[in-house]
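Fold and contact review
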Amino acid sequence: MLVKTVLNKVEHFKSFVFGTVIFEKIEGAEALVIEVNARANSKPECSKCEKKGKPHGTLPSRLFEYVPFWKFKVFFRYSPRRLICPEHGAIVEAMPWSYGKERTTISYQIYLARWARRLSWKETAEVFETSWDSIYRAVRFVVHYGLDNRILDNITEIGIDEIAVFFGQKYLTMVYQINAGCTRLLWCGPERRVKTLLRFFHEFGKERSEKLRFVCSDMWQPYLKVIAKKAPNALNILDRFHIMKKFNEAIDEIRRIEVKQFKSQNQENVLARGRWLLLKRPKNLSDKQTARLGDLVKLNLSSVKAYLMREDFQRFWEYKRADYAERFLENWVTRALQTNLEPMKKVANMLRSHKPLIMNWFKTKGHVSCGAVEGLNLKAKLTIRKAYGFKSTECLKIALYHTLGKLPEPQCHNRFC
Ligand SMILES: [Zn+2]
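Summary of the structure given here. As the structure is a prediction and not an experimental result, all values here were calculated from the model.

Reading the values: the criteria
- Residues numbered from 1 in each chain as written.
- Predicted model: local features only at pLDDT ≥ 70, side-chain atom pairs only at ≥ 80, totals over all residues.
- Heavy atoms only, no water.
- 1 Å grid on protein atoms, 1.4 Å probe; cavity = no way out; pocket = protein on both sides within 12 Å on 5 of 7 lines; lining within 4 Å.
- Points joined across faces, edges and corners; volume = space filled by probe spheres on them.
- Helix = DSSP H or I, 4+ residues; strand = E, 2+ residues; numbered from the N terminus.
- Nonpolar A, V, L, I, M, F, W, Y, C, P; charged D, E, K, R; others polar.
- Phe/Tyr/Trp six-rings, centres within 6.5 Å; stacked < 30°, edge-to-face > 60°.
- Lys NZ or Arg CZ within 6 Å of the ring centre and 35° of its normal.
- Donors = N, O, S within 2.8 Å, 3.2 Å for Na, K, Ca; no water.
- Tetrahedral: all angles 85-135°; square planar, octahedral: opposite > 155°, others 65-115°.
- Buried < 20%, exposed > 50% of the residue type's maximum accessible area, 1.4 Å probe, protein only.
- Pairing = 2+ DSSP bridges.

One pass over the structure, following the stated rule, counts 1 cavity of 30 Å³ or more. Its volume calculated, the largest cavity comes out at about 40 Å³. Lining the largest cavity we find Arg117, Val142, Val143, Tyr401, His402, Leu407, Pro408 and Glu409. At the level of secondary structure, the elements contributing two or more residues to the lining of the largest cavity comprise α4 (132-149) and α16 (393-404). Its residues assigned to classes, the lining of the largest cavity comprises 5 nonpolar, 1 polar and 2 charged.

As structure tokens, then:
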């Protein structure tokens with residue numbers, strides 16, 4: 001059977017036919033080269049507007065890499081025609097298997113992008129003997145297609161969070177849809193600034209923003225203001241995870257101060273390697289860790305006091321009735337403010353000033369899963385960690401949309417990918 005027959009079963013281009021198939025040395029290795037010819041009497045189409053125009057000469061032949069076949073790299077060879085478009089003047093024709101100056105065919109880009117979701121981009125490039133850059137372009141093509149063709153209807157619940165990227169204080173603001181049955185990355189943008197979130201709402205559109213019913217976020221004041229203004233019909237929920245994170249930050253600060261004191265007074269550092277002990281919930285500790293914690297509790301340390309205060313506060317989330325929970329919160333805050341633990345007092349003040357938004361959590365208990373934000377953020381961090389070679393936030397955004405966006409894909413003619 002001829003290669004052409006096989007290919008015709010996979011790819012069909014209306015105004016083009018496959019011609020001779022030959023072996024040729026390309027980049028030092030034997031490759032399969034398939035000539036592509038325009039159908040006799042077919043008129044070239046403008047690559048900008050797809051209008052047909054009068055042929056106006058031919059460019060030198062170009063190679064377009066296709067999906068590899070057994071042990072061979074496969075290329076299409078075609079000499080693009082030029083045409084006179086009534087609108088765009090002299091221009092290169094549109095080729096349905098490629099776009100712009102790209103030398104990888106669309107089919108192969110989709111194929112590579114699928115593999116790049118399972119493997120890292122670097123690994124994909126190695127397996128398919130191509131460059132990291134061509135994998136990036138493949139993923140970018142698929143992501144742009146997905147962003148242009150995705151449907152943004154019926155989004156009523158979103159979560160907003162940020163993740164640190166690279167090694168520095170660089171952040172990406174992430175906006176996720178967290179509706180039951182559809183959780184995905186909706187948008188991400190560099191930095192964590194008011195204008196970042198404003199840009200999301202601008203792109204998301206007023207009409208969609210007005211349909212939002214719940215927004216999960218942390219308690220960063222500038223974002224709270226933007227949410228209140230741009231999603232006027234949504235209940236802003238401060239979820240358990242973000243609030244407990246503030247407790248852990250406070251415990252960590254107190255522990256650091258205490259360790260410094262030990263050092264300056266030449267005392268034994270009983271808190272050495274105690275960080276995780278204090279940050280973990282007791283139920284997640286091993287037997288050995290539980291025993292060590294028991295020893296620490298006897299020592300009347302500020303770190304341990306802060307730890308016990310956090311554990312005490314966990315009861316807040318167990319309340320069934322919001323009014324009881326609110327009373328508990330008030331009591332806890334009063335007690336915390338009477339201590340001499342400054343970071344914990346800060347947490348207490350924060351709880352008090354955000355009380356209405358924290359109490360929103362009780363109004364939606366069981367309905368909105370803010371936990372989805374955490375899950376998605378973990379996946380995002382994994383994507384970033386796998387991302388050796390991502391040089392810019394633009395690359396990173398493409399990778400994040402690719403893995404978390406649940407984007408529609410262009411039609412793929414190849415299996416096994
Ligand atoms: Zn045109």
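Continuing now.
Taken as a whole and assessed by the stated rule, the structure comprises 33 aromatic pairs. Taken together, the ring pairs in this structure connect Phe247, Phe313, Phe316, Trp317, Tyr319, Phe328, Trp332, Trp361 and Phe362 into an aromatic cluster. The ring centre of Trp220 lies 4.2 Å from the NZ or CZ of Arg192, which sits over that ring. Here Arg321 stacks its cationic end above the ring of Tyr324, 4.3 Å away from the centre of that ring.

Let us look at the coordination of the zinc ion. Every protein donor of the zinc ion is accounted for by Cys46 (SG), Cys49 (SG), Cys85 (SG) and His88 (ND1), and the metal-donor separations fall at 2.1 to 2.3 Å. One can describe the site at the zinc ion as tetrahedral: its 4 donor atoms subtend angles covering 105 to 115 degrees at the metal. Donor residues for the zinc ion, ordered by position in the chain, follow C-x2-C-x35-C-x2-H. Of this pair, Cys49 sits in the loop between β2 (29-38) and β3 (54-58) while Cys85 sits in strand β6 (residues 81-85), placing them 36 residues apart in sequence. Taking the relative accessible area as the measure of exposure, Cys49 reaches 25% and is therefore partly exposed. The class for Cys85 is buried, based on a relative accessible area of 2%.

Below, the discussion takes up the pairing of strand β8 (residues 157-165). The side chains of a regular strand alternate between both faces of the sheet. Counting buried residues along β8, 8 of its 9 residues qualify, which places the element largely inside the surrounding structure. In this sheet, strand β9 (residues 170-179) lies alongside β8 in antiparallel orientation, the contact comprising 8 bridges. Bridged to Gly159 within β9 is Tyr176.

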